[in-house]
Amino acid sequence: MAHHGEEKNPSKASIKLREWLNRVKMKTLFIESGSPWENGYIESFNGKLRDELLNLENFDSLLEAKVLIESWSRNYNTIRPHSSLGYVRHEKVEVSSRAVCHDILANSARVLDAQDA
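Note that the coordinates shown come from a computational prediction; the quantities given were computed from them, not determined experimentally.

## Quick word on the overall build of the chain
The secondary structure content of the chain amounts to four helices and two strands. Its helices and strands taken in sequence order, the chain reads α-α-α-β-β-α from the N to the C terminus. Here the chain, with 117 residues, has 11% of them falling under the buried criterion.

## Observations concerning the packing of helix α2 (residues 40-54) against helix α3 (residues 62-79)
When two helices pack together, you describe them by how their axes are tilted relative to each other and by the distance separating the axes. Contact geometry for α2 and α3: axes closest at 11 Å, N-to-C directions at 125°. In terms of orientation, α2 lies oblique with respect to α3. Crossing of α2 against α3: the hand is right-handed. Across the interface between the two elements, Phe45, Lys48, Leu49, Glu52, Leu53 and Leu54 of α2 pack against Leu68, Ile69, Trp72 and Tyr76 of α3.

## Here's the deal with the packing of aromatic side chains
Enumeration over the complete set of coordinates arrives at three aromatic pairs. Ring geometry for Trp72 against Tyr76: centres 4.9 Å apart, planes inclined by 20°, an arrangement best described as stacked. Residue Trp72 and its partner Tyr76 are located together in helix α3, separated by four residues, close to a single helical turn. Residue class for Trp72 comes out buried when judged on its relative accessible area of 10%. Judged by its relative accessible area of 11%, Tyr76 falls in the buried class. Clustering of aromatic rings is evident, with ring pairs tying together Phe45, Trp72 and Tyr76.

## Observations regarding unusual backbone geometry
Positive phi is not limited to glycine here, since Lys25 has a value of about 55°. In this structure, Lys25 sits in the loop between α1 (10-23) and α2. Exposure remark for Lys25: the relative accessible area of 76% places this residue in the exposed category.

## Section: the pattern of salt bridges
Within the structure shown, the criterion is met by one salt bridge. Between Arg74 and Glu70 there is a salt bridge, with its nearest N and O atoms 3.6 Å apart. Of this pair, Arg74 and Glu70 both sit in helix α3, four residues apart, which is roughly one turn of the helix. On the basis of relative accessibility, which here comes to 48%, the residue Arg74 falls in the partly exposed class. In this structure Glu70 comes out as partly exposed when scored by relative accessible area, which is 42%.

## A few points about the confidence of the model for the chain
Averaged over the chain, the pLDDT score is 75; the fraction of residues at 70 or greater is 61%. Across residues 1-6 the pLDDT falls below 50, and counting only partners more than four positions away or on other chains, this stretch makes four contacts in the model.

Conventions we followed
- Residues numbered from 1 in each chain as written.
- Predicted model: local features only at pLDDT ≥ 70, side-chain atom pairs only at ≥ 80, totals over all residues.
- Heavy atoms only, no water.
- Helix = DSSP H or I, 4+ residues; strand = E, 2+ residues; numbered from the N terminus.
- Buried < 20%, exposed > 50% of the residue type's maximum accessible area, 1.4 Å probe, protein only.
- Axes fitted to C-alpha atoms, helices over the stretch in contact; angles between N-to-C directions.
- Parallel < 35°, antiparallel > 145°, perpendicular 65-115°, else oblique.
- Left-handed = near helix turned anticlockwise from the far one by under 90°.
- Contact = heavy atoms within 4.5 Å.
- Phe/Tyr/Trp six-rings, centres within 6.5 Å; stacked < 30°, edge-to-face > 60°.
- Salt bridge = Lys/Arg side-chain N within 4 Å of Asp/Glu carboxyl O.
- pLDDT = per-residue confidence, 0-100.

Here you go:
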């Protein structure tokens, strides 16, 4: 049975998840550290950030860079529809995916607790 607070400890949850994956003989995909080209999503993001902001601006100060990047990031993450999300705004998908992730983790914890008992 999970101890109080354990579900909020990513390190313990990660260990339990890896142990379970090993028991069911399942492997995860691994992206080598420092190899972003192995992840098409981050490459796409980097290209958009470069093309839509960094190549168009000459920042006069660090503060200006922070303000403009934060504004672009807020638009990118909440307002702008994404093709990978079926052209739905990210904030709408985020709410439903949080609920799904919570359910998956809760069910996984129950399975792991039952196996430990």
